[in-house]
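One letter stands for each residue in the lines below.
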Amino acid sequence: VGAVPRGEDDGTADLARVGAEIVRVPGLRRGVGAFADARALRWILAFLRAARPDVVHTHTAKAGALGRVAARRARVPAVVHTFHGHHFDVGGVMALAARFAERRLASGTSRAVCLSPRQRDDVVGRHAIFDAAHVVVIPPTIDVAGFRARATPEAALAVRARACARSRRSDTARRWKGGRWSRR
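None of these values were measured; they are calculated from a predicted model.

Colleague: What's the story with the pattern of salt bridges in this structure? I'm lost.
Modeller: Side-chain pairs of opposite charge can arise whenever the charged atoms involved come near each other. According to the stated counting rule, one finds 5 salt bridges in the structure shown. One salt bridge connects Arg17 with Asp14, and the closest N-O pair in it is separated by 2.1 Å. In this pair, Arg17 and Asp14 both sit in helix α1 (residues 12-17), 3 residues apart, roughly one turn of the helix. Here Asp37 makes a salt bridge to Lys62, at a shortest N to O gap of 2.7 Å. Of this pair, Asp37 sits in helix α2 (residues 34-51) while Lys62 sits in helix α3 (residues 61-73), placing them 25 residues apart in sequence. Given the relative accessible area of 11%, Asp37 is considered buried. A network of salt bridges, in which partner residues are shared, links Asp89, Asp122 and Arg126.

Colleague: Looking at this structure, I do not really get α3. What am I missing?
Modeller: What sets the pattern is the α-helix's 3.6 residues per turn: residues three or four places apart point alike. Over its 13 residues, α3 runs 18 Å from end to end, which matches the ideal 18 Å to within 8%, given 1.5 Å per residue. Inspection of α3 places Gly64, Leu66, Gly67, Arg68, Ala70 and Ala71 among the buried residues, and these make up the whole buried set. The secondary structure elements touched by the buried residues of α3 are α2, β1 (55-59), β2 (78-82) and α4 (92-106). With its phi angle positive at about 60°, Arg75 sits one or two positions after the end of α3.

About the thresholds
Residues numbered from 1 in each chain as written. Predicted model: local features only at pLDDT ≥ 70, side-chain atom pairs only at ≥ 80, totals over all residues. Heavy atoms only, no water. Salt bridge = Lys/Arg side-chain N within 4 Å of Asp/Glu carboxyl O. Helix = DSSP H or I, 4+ residues; strand = E, 2+ residues; numbered from the N terminus. Buried < 20%, exposed > 50% of the residue type's maximum accessible area, 1.4 Å probe, protein only. Expected span 1.5 Å × (residues − 1). Contact = heavy atoms within 4.5 Å.

Honestly, that's just the spatial picture; any functional story needs more than this.
Written as C-alpha cells, this is what we have:
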C-alpha cells in the first residue's frame, strides 16, 4: 500500500480487521517522482525476492507498473494486473505514454483482468495493449446497473456528506449545481 493522501480513507483498517497483513511501500504515492518511484521499485523488488511469491497481482496504473517490473525482475512465475479504468483516452502525450508503457508491461504479465466487456474491448481492440488470450473479464460483485438506476445527485451528495463528516473535512463538501459538482 502506498501513501494515502490526507483526508482519504484507504480501507486498510477494514482489511486488517479480516486478517490481511498491511505492508506500506516506502516512496509509493500518487504522481510521478523519479526518486520516490525508484525507491518504491527497489523496495518492492527486495520484498518480492525475500517473499518469493508464486503470484503477484497488481492494481492501479503506477503501482501496477512498479509491481510488474519488480515481479519480472524477481522472476515471479505468474503476474496478474487488474485494470480499474485506464488513461488510454486522455489524449496527448499522457495517453501515448500510458499505451506505450502498458504494451511493454504486457509481455511480462500473465493475465490482465478487466472489469467489463467494454474495458476488455478497449484493452484488446481499440488500444491493442494485450492479446485476447491474456485478458479475462471479472465484473464487480455489486449490481452496478441497479445502483446507478437508483442514484440521484441528492443521494450522491448525501453519501459524500457522510464521508466528509467521517473524515472531518468539511472543506471537501460539494453540491450538485447545474449538472456538475461545485465547492460549497
